[in-house]
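Chain by chain, the residues run as shown.
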Amino acid sequence: MRHSLVKNLDWTSVILYLLLVMCGWIAIFSTTYSDLNVTSIFDLNQFYGKQLLFIGLSFLLIIFILAIDSRFYINFSVIFYIISIILLAGLFVFGKETNGAKAWYAFGSVTVQPSEFAKVATALAFSRYVSDIHTDIRRTPDLLRAIAIICIPAVLILLQPDVGSLLVFFSLAFVLFREGMPSALLFYLFLSGVVFVSSLKFGTTFTLFACAACIGFYGFWHKRKTKHFPFQNIFILSVICLFTAFVTHPVYDNVLKQHHRNRLNLWLRLETDPQKIAAMKRDFAYNTNMAESAITSGGTFGKGFLEGTRTKGSFIPEQHTDYIFTTLGEEWGFYGTATVTLLFALLCLRIWYLAENQRSKFYRIYGYCVSAIFFIHFFVNISMVIGTMPTVGIPLPFFSYGGSGLWGFTMLLFIFLRLNMNKERH
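Keep in mind that this is a model prediction, so the values were computed, not measured. (Residues numbered from 1 in each chain as written. Predicted model: local features only at pLDDT ≥ 70, side-chain atom pairs only at ≥ 80, totals over all residues. Heavy atoms only, no water.)

### Thoughts on helix 11 (residues 204-226)
So, point 1. The end-to-end C-alpha distance of helix 11, which contains 23 residues, comes to 32 Å, matching closely the 33 Å that a straight helix rising 1.5 Å per residue would cover.
So, point 2. Of the positions making up helix 11, those classed as buried are Thr207, Leu208, Cys211, Ile215 and Gly219. (Helix = DSSP H or I, 4+ residues; strand = E, 2+ residues; numbered from the N terminus. Expected span 1.5 Å × (residues − 1). Buried < 20%, exposed > 50% of the residue type's maximum accessible area, 1.4 Å probe, protein only.)

Structure, rendered in structure tokens:
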């Protein structure tokens, strides 16, 4: 077993994991460090001490994951999924509410966020179903069942509400696309998002005129190219545009909560009153403004380790969790943030490469799931921090403080690496 571990484990992925975890802990230490309260890096009264404990436990988790036969993850994937659904549903009865969301179980001073582990269970169950010899997602019933596997935990998470974790589950749509889902469905989903945003930004009337012009041009171009007018496609596109445009404002006004509307309002710059804009920047846009200022102040080379004035001044709320990237920007500058971004990109590409070389369909699909989940996490988190996307609560893998997140990401990665160790047998 020991010789097999050394020989078959993908050490490139392991090294990237260790580098990210190490950089993440340094960022947490810098964010929460103070000359007045530091006694030891192992001080469990401090966030960096607790995170170091979580990291140590994650190493034990890795050993446990690698020691189990790979068939265990396939055979018990459905059971893991059912347990995760039960735990998510149980939050509405036994969950602890924090910042308006019931997303944690509290055991004394210890909290556990089941949505982090639901990502692992959903990826396993989804991979098990899609890889089944009787499943063909090009058939509508099979595709709908695969989508249902994603949507059940996603809906439970939406009801908490936890929009950030919800986005992660939609990343699995790219896996469906890779495995044969008609590309038109992915385009329709993208089109709905564009029409929704356009209706908010420019109004329903302008959006429908723009849609009509684009659809008309498409019909004209298609007829010239093929000599046939695409009546069916024109009808589908028209229904999607009309439906999305007319439900946008009712959904925005009656379904989204006020803080979600505030974030969209800020991101799309829907407000034009200078006084209201100034009030927004002092209120719910404070985090984003402070994050952008901290990253900008770091310049090219950064201010240096423990030298971040905004970090040390605690100007940015939740900086040790969702906004941990600001510490990198202020203290290590462009080179630091670019290096971390490169490490994440290399890890995602490495997992995707390994997945492409799997003989087992289950191994391949699960690898795609892991890569997609990691990518959406780091892409959305960094985009949120620098202000190019609306603020959502989504952690930066291996960086943001918390045991549930670290262990969930560790499980995602090392279950795949355990499967990859057996690829030559399939």
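### Quick look at the sheet that holds strand 3 (residues 110-112)
So, point 1. Ordered in space as 1-2-3, the 3 strands form an open sheet in which the pairing is antiparallel. The open sheet terminates on both sides in strands that have one partner only, identified here as strand 1 (96-98) and strand 3. With strand direction ignored, the average angle separating the axes of adjacent strands in the sheet is 50 degrees.
So, point 2. As defined by bridge partners, strand 2 (residues 101-107) adjoins strand 3 across 3 bridges and the pair is classed as antiparallel. Counted as the bridge partner of Ala106 is Thr111 from strand 3. (Pairing = 2+ DSSP bridges. Axes fitted to C-alpha atoms, helices over the stretch in contact; angles between N-to-C directions.)

### So, a nonpolar patch on the surface
So, point 1. Together, Leu44, Leu53, Leu57, Leu60 and Ile63 make up a nonpolar patch on the protein surface, roughly 470 Å² of accessible area in all.
So, point 2. Structurally, Leu60 is set in helix 3 (residues 47-67). (Patch = residues over 30% accessible without salt bridge, like charges linked within 9 Å, V, L, I, M, F, W, Y side chains within 5 Å. Areas by Shrake-Rupley, 256 points an atom, 1.4 Å probe, with all protein chains shown as cover. Salt bridge = Lys/Arg side-chain N within 4 Å of Asp/Glu carboxyl O.)

### A few points about the packing of helix 17 (residues 325-356) against helix 18 (residues 361-385)
Packed helix pairs are specified by the crossing angle of their axes together with the interaxial distance, meaning the distance between the axes.
So, point 1. Their axes nearest at 9 Å, the elements helix 17 and helix 18 cross at an angle of 165 degrees. Taken as axis vectors, helix 17 and helix 18 run roughly antiparallel relative to one another. The way helix 17 lies across helix 18 gives a crossing that is left-handed. Residues Phe325, Thr326, Thr341, Phe344, Ala345, Leu347, Cys348, Ile351, Trp352, Ala355 and Glu356 of helix 17 form the contact with helix 18, whose own contacting residues are Arg364, Gly367, Tyr368, Val370, Ser371, Phe374, Phe375, Phe378, Asn381, Ile382 and Val385.
So, point 2. Residue classes in the contact of helix 17 with helix 18 are distributed as 15 nonpolar, 5 polar and 2 charged. (Parallel < 35°, antiparallel > 145°, perpendicular 65-115°, else oblique. Left-handed = near helix turned anticlockwise from the far one by under 90°. Contact = heavy atoms within 4.5 Å. Nonpolar A, V, L, I, M, F, W, Y, C, P; charged D, E, K, R; others polar.)

### Here we look at the pairing of strand 2
For a regular strand, the rule is simple: side chains alternate between the two faces of the sheet.
So, point 1. Looking at chain direction, strand 1 and strand 2 are connected through 3 bridges and run antiparallel. Across the sheet, residue Glu97 finds its bridge partner in strand 2, namely Lys102.
So, point 2. From the end of strand 2 to the start of strand 3, which pair antiparallel, there are 2 residues, and Gly108 there has a positive phi angle of about 70 degrees.

### Some details on the nonpolar core
So, point 1. Of all hydrophobic cores here, the largest spans 98 residues; its most connected members are Phe126, Tyr366, Phe374 and Phe398.
So, point 2. Per element, the largest residue contribution to this core is 16 residues, and it comes from helix 18.
So, point 3. With 11 residues, the next largest nonpolar core counts Val195, Cys211, Ile240 and Ala245 among its residues. (Core = buried A, V, L, I, M, F, W, Y, C linked by side-chain atoms within 4.5 Å.)

### Section: the side chain of Ser360
So, point 1. Relative to the assigned elements, Ser360 resides in the loop between helix 17 and helix 18.
So, point 2. Assessed through its relative accessible area of 12%, Ser360 is described here as buried.
So, point 3. A distance of 3.4 Å separates a polar side-chain atom of Ser360 from the backbone nitrogen of Phe362. (Polar contact = N/O pair within 3.5 Å; in protein donor to acceptor, adjacent residues only side chain to side chain.)

### As for helix 17
So, point 1. The terminal C-alpha atoms of helix 17 lie 31 Å apart, and with 32 residues this falls more than 12% below the ideal 46 Å at 1.5 Å per residue.
So, point 2. The largest bend in helix 17 amounts to roughly 135 degrees and is located at Trp332. (Bend = angle between axes of the 7 residues up to and from the residue.)

### Description of the packing of aromatic side chains
The way to describe two aromatic rings as a pair is by their centre distance and the angle between their planes.
So, point 1. Going through the model one piece at a time under the given rule, you end up with 28 aromatic pairs.
So, point 2. For the ring pair Phe344 and Phe378, a centre distance of 5.3 Å and an interplane angle of 10 degrees mean the geometry is stacked. Note that Phe344 is positioned in helix 17 and Phe378 in helix 18, a separation of 34 residues in sequence. Side by side, Phe344 and Phe378 carry an identical accessibility label, which is buried.
So, point 3. Measuring from ring centre to ring centre gives 5.9 Å for Phe398 and Phe409, while their planes differ by 65 degrees; the resulting arrangement is edge-to-face. In this pair, Phe398 is assigned in the loop between helix 18 and helix 19 (403-420) and Phe409 in helix 19, connecting sequence segments 11 residues apart. Neither residue differs from the other here; Phe398 and Phe409 are each classed as buried.
So, point 4. These aromatic residues form a ring-pair network of at least three members: Tyr17, Phe374, Phe398, Phe409 and Phe414. (Phe/Tyr/Trp six-rings, centres within 6.5 Å; stacked < 30°, edge-to-face > 60°.)

### As for the confidence of the model for the protein chain
So, point 1. Per-residue pLDDT for the protein chain has a mean of 85; in total, 91% of the residues score no lower than 70.
So, point 2. Across the protein chain, element-level confidence peaks in helix 19 with a mean pLDDT of 94 and bottoms out in helix 1 (residues 2-8) with 65. (pLDDT = per-residue confidence, 0-100.)

### Overview of unusual backbone geometry
So, point 1. Located in the positive-phi region is Leu306, a residue other than glycine, with phi close to 65 degrees.
So, point 2. Within the secondary structure, Leu306 sits in the loop between helix 15 (286-297) and helix 16 (309-312).
So, point 3. If you check the backbone angles, Phe398 has positive phi at about 70 degrees while not being a glycine.
So, point 4. Residue Phe398 is classed as buried on the basis of its relative accessible area, which comes to 3%.

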